[in-house]
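Here's the letter readout for the chains.
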Amino acid sequence: MITTTHLIEAFERNLRIIQMQTEGLTQTDSLLQMPFRANCLNWVVGHVLVNRDGILKSIGEETLLSDEEIEVYKRESEPVSIDGAGIIPLQRMLELLARGQERISASLADIKIEEFSKDIQVGDRNRTLGERLFFLYFHETYHVGQTEFLRQMAGKDDKVI
């Protein structure tokens, strides 16, 4: 059975992977586009922040991003290709992820496993808290995996993990 401790460790691991994959990269590096329909590292990390806001909201915590910032990085938003208004600097995103992880870890540590079966509203659907958190973890890992290729695109010919 998955416990809150497992979830805390899993989200912490994803954060560490993002931190390792972005080590030594600049804001300019984070804006490089793949030569096919995909998005840049800046969007991917920003989208993980949007996902983390979903986690925080689900567990009753204050979110990290403003509504305007969410618009840039939400699902099906326009590709991020230039630095400009509304684009969050990579370093700030990494700081926000770390701050959010502290809140996620502290809040999940206080949740009793029985609370995972509590129904919550997600859009127009009912889900249990456990289902919601598991989906958000799955979704995040999908994007964390993309960071490896985006790091390589920035010219880092290395193996981080």
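Use the structure listed above.
Residues numbered from 1 in each chain as written. Predicted model: local features only at pLDDT ≥ 70, side-chain atom pairs only at ≥ 80, totals over all residues. Heavy atoms only, no water.

Enquirer: Just to check I follow, could you spell out a nonpolar patch on the surface for this structure?
Expert: Together, Ile2, Phe134, Phe135 and Phe138 make up a nonpolar patch on the protein surface, roughly 410 Å² of accessible area in all. Note that phenylalanine 134 resides in helix H6 (residues 129-153). Residue phenylalanine 134 is classed as partly exposed on the basis of its relative accessible area of 47%. (Patch = residues over 30% accessible without salt bridge, like charges linked within 9 Å, V, L, I, M, F, W, Y side chains within 5 Å. Areas by Shrake-Rupley, 256 points an atom, 1.4 Å probe, with all protein chains shown as cover. Salt bridge = Lys/Arg side-chain N within 4 Å of Asp/Glu carboxyl O. Helix = DSSP H or I, 4+ residues; strand = E, 2+ residues; numbered from the N terminus. Buried < 20%, exposed > 50% of the residue type's maximum accessible area, 1.4 Å probe, protein only.)

Enquirer: Help me understand the pairing of strand S1 (residues 119-122) in this model?
Expert: The side chains of a regular strand alternate, residue by residue, between the two faces of the sheet. As defined by bridge partners, S1 adjoins strand S2 (residues 125-128) across four bridges and the pair is classed as antiparallel. Each residue of the ladder has a partner; that of aspartate 119, found in S2, is threonine 128. (Pairing = 2+ DSSP bridges.)

Enquirer: Before we go on, may I ask you to explain the packing of aromatic side chains in this structure?
Expert: The description of two aromatic rings rests on the distance between their centres and on the angle between their planes. In this structure the tally under the stated criterion is two aromatic pairs. Their ring planes at 85° and their centres at 5.5 Å tell us that phenylalanine 11 and tyrosine 137 sit as a pair that is edge-to-face. On the criterion of sequence distance, the pair formed by phenylalanine 11 in helix H1 (residues 4-22) and tyrosine 137 in helix H6 is long-range, its members being 126 residues apart. Like phenylalanine 11, the residue tyrosine 137 is buried in the burial classification. (Phe/Tyr/Trp six-rings, centres within 6.5 Å; stacked < 30°, edge-to-face > 60°.)

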